[in-house]
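Chain residues, written in single-letter form:
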Amino acid sequence: MKFGGVRFVLLILSLMLVSSAPLVTAEHAHLTIDASKTGAKIDRNLFGQFAENLGHGLYEGIWVGPDSSIPNTRGIRNDVVAALSALKVPNVRWPGGCFADQYHWRKGIGMAALRPATLNSAWGNVVDTNSFGTDEFMDFIHQIGSEAYVSVNIGSGTPQEAAEWLEYMTAAAPTALAKERAANGHPEPYKVGFMGIGNESWSCGGDMTPDYYLSQLKIYSRFAINDNPAQQDKDQMLKIAVGPGFPETEWTEAMMKGWQHHDWSWNFDGLSLHWYTTPGGWPVAMSSTDFNIDDYAKTLKTTLFMDEFLRKQEVVMDKYDPQKKVALVVDEWGAWLKPLPGTNPAFLVQQNSLRDAILASLNLNIFARHADRVRMANIAQMINVLQAMILTDKEKMLVTPTYYVYRMYVPFQDATFIPVAFDAGTYMQGNVSLPRVDALAARDASGKLWLEITNLDPEKPIDIDAEVNGMVVKAAKGETLTAPAVNSINTFSAPDQVVPKPIAASLKDGKLVLTVQPKSVTVISLEP
Ligand code: AHR
């Protein structure tokens, strides 16, 4: 056969292939961004992280010790620090979680060899060497350029213990505790941006009633004092009270009613809220790797409940605090899935797929839409636990699809919310109905507009045309995160399966035009 004949056969073959492939037509969505209107600040603290002493979250994830062959700075992994630095993590919550109410800080200071080994009875009864303590945590957040959010122990601790911990960390005056800190290598007081007073005190933190908790909170708020001279005026430490972990509002009602009558002697600036995406409820049964499109849709449906959860609590908070002085702090959220086979179930190890990335963007967008009240959030958890940014295995490290969402959202930190109107459409999966598209817009300090678009539909691309009112857009560029399947993951042997790639976006007649791929998260910058 002549060359031309081969070409003819190839043409016929490819036509046959094309005609046998399912015809996927793109959907269309029209967005209207009103850059002349501004909403609340999207507080950078919404992008906080949670690093509990749990499984390999701290030990191996962050801390390998100064003698490790894994490259480290004073015992803290260099690869992890480099990856987290790119996220501009605004704050890190530590040491728990449930672990916080069993933590005795004195066991984790001083010479490592002299620190007592204790049992981590909150998570698997494993031996804790206490080699990662207060000074190591402060070193870690300093290395990644973040701020400390410490949770004090009100379950098995005492007000005196908490007061002394705060003094150890923050006193500048030459007290015995400040001198002890200096002897441990840090003469300058640490900055403590946030102090959580207990954790889930309605459950693992001591199963307290709201009234009992409130009376404890008043004592800890009064006596656990931040002495750092640099934090006495505008940079004051914010105190965060335990809030709800269930949609019912009794706990919030009791806390906010109490808060309304606070005086000079006690206060709280934030009310914590914990809610995890557990498709199918407890005990968790959804796999982090082995799931189908129905499971994908079910998971996203479950996660979108966050919006209703926040609304319910906000109604109560608005009743007692119409000026929105008290922030809602979602300091534990994320997908809680079945532990990976072969791992210690108490270590909460799960993989992280494209589905988790989409789930993360949907939640971040919800928080941003509630930014006047929701001013802080901490995804659970930072490394090797639950919906993690990073997974490690000895000297190996990978960053997850959720990590990339956080990296792509960096420009939204402290940006101003800009309203974006759109018809989300409907994506049906069996009897699960979901919005097909979600979007968020904001303006950063330099005047640049940022647009995020999530396409929830796992099969159909969406042609977007976005009209920007109140601003002349001269250039647009962006990146998109997608992968072949909703359960695509990054592994140690194939760490780049789910990575963001540049996306083409053009301007036609003043409108932004682009096509977003199925199951994708896209962030575009629009330059004036
Ligand atoms: O993040 C894991 C656990 O979930 C935390 O320790 C606890 O606060 C919550 O129940």
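Everything below is about the structure shown above.
Residues numbered from 1 in each chain as written. Predicted model: local features only at pLDDT ≥ 70, side-chain atom pairs only at ≥ 80, totals over all residues. Heavy atoms only, no water.

### A word on the site of the ligand
Next up, step 1: Close to the ligand lie 13 residues; E52, C98, E200, Y276 and E332 are nearest.
Next up, step 2: Here E200 contributes a side-chain N or O atom positioned 2.8 Å from an oxygen atom of the ligand.
Next up, step 3: Measuring from an oxygen atom of the ligand, one finds a side-chain N or O atom of Q381 at 3.0 Å.
Next up, step 4: Out of a free accessible area of 280 Å², the ligand has 93% covered by protein chains.
Next up, step 5: Of the residues contributing to the shell around the ligand, the split by class is six nonpolar, four polar and three charged. (Near = heavy atom within 4 Å. Polar contact = N/O pair within 3.5 Å; in protein donor to acceptor, adjacent residues only side chain to side chain. Areas by Shrake-Rupley, 256 points an atom, 1.4 Å probe, with all protein chains shown as cover. Nonpolar A, V, L, I, M, F, W, Y, C, P; charged D, E, K, R; others polar.)

### Some points on the nonpolar core
Next up, step 1: Formed by 128 residues in total, the largest nonpolar core has its most connected members in L84, Y213, F268, W333 and F367.
Next up, step 2: In terms of residues, this core owes the most to one element, helix α10 (residues 354–369), which gives ten residues.
Next up, step 3: When residues no more than four places from it in sequence are discounted, the contact partners of F268 are L217, K239, A241, M255, M256, W259 and V326. (Core = buried A, V, L, I, M, F, W, Y, C linked by side-chain atoms within 4.5 Å. Buried < 20%, exposed > 50% of the residue type's maximum accessible area, 1.4 Å probe, protein only. Helix = DSSP H or I, 4+ residues; strand = E, 2+ residues; numbered from the N terminus. Contact = heavy atoms within 4.5 Å.)

### A short note on the sheet that holds strand β1 (residues 27–34)
Next up, step 1: Strands sit in the order β17-β1-β22-β26-β25 across an open sheet of five strands; the sheet is mixed. Each edge of the sheet is formed by a strand with only one pairing partner; in this case those strands are β17 (420–422) and β25 (506–508). Neighbouring strand axes in the sheet, compared pairwise and without regard to direction, differ in orientation by 30 degrees on average.
Next up, step 2: Bridge count between β1 and strand β22 (residues 462–469): eight bridges; the pairing is parallel. Opposite I33, over in β22, you have V468 as the bridge partner. (Pairing = 2+ DSSP bridges. Axes fitted to C-alpha atoms, helices over the stretch in contact; angles between N-to-C directions.)

### Details of the sheet that holds strand β11 (residues 270–277)
Next up, step 1: Pairing within the closed barrel is parallel, and its eight strands lie in the order β2-β5-β8-β9-β10-β11-β12-β13. Strand-to-strand twist in this sheet, taken as the mean axis angle between neighbours without regard to direction, amounts to 25 degrees.

### Comments concerning the side chain of D101
Next up, step 1: With respect to the element layout, D101 can be found in the loop between β5 (91–94) and β6 (118–120).
Next up, step 2: Among buried charged residues, D101 stands out as having no salt bridge; its nearest opposite-charge side chain is R93, 7.6 Å away.
Next up, step 3: Apart from residues no more than four positions distant in its own chain, D101 is found in contact with V152, N153, I154, G155, S156, G198, N199 and G205. (Lys, Arg positive; Asp, Glu negative; His and termini not counted. Salt bridge = Lys/Arg side-chain N within 4 Å of Asp/Glu carboxyl O.)

### So, the packing of helix α7 (residues 250–260) against helix α9 (residues 305–320)
Next up, step 1: Where α7 meets α9, the axes come as close as 9 Å, and the angle between the chain directions of the two elements is 20 degrees. Relative to α9, the element α7 lies roughly parallel. Once α7 is placed against α9, the crossing between them reads as right-handed. Across the interface between the two elements, T252, E253, M256, K257, W259 and Q260 from α7 touch Q313, V316, M317, K319 and Y320 from α9.
Next up, step 2: Across the contact of α7 with α9, the residue classes tally to five nonpolar, three polar and three charged. (Parallel < 35°, antiparallel > 145°, perpendicular 65-115°, else oblique. Left-handed = near helix turned anticlockwise from the far one by under 90°.)

### Considerations on the environment of V329
Next up, step 1: Of note, V329 is situated in strand β12 (residues 327–335).
Next up, step 2: Judged by its relative accessible area of 2%, V329 is buried.
Next up, step 3: For the pair V329 and S353, spaced 24 residues apart in sequence, the C-alpha separation works out to 26 Å.
Next up, step 4: Excluding residues that lie within four positions of it along the chain, V329 makes contacts with I240, G270, L271, S272, L273 and M376.

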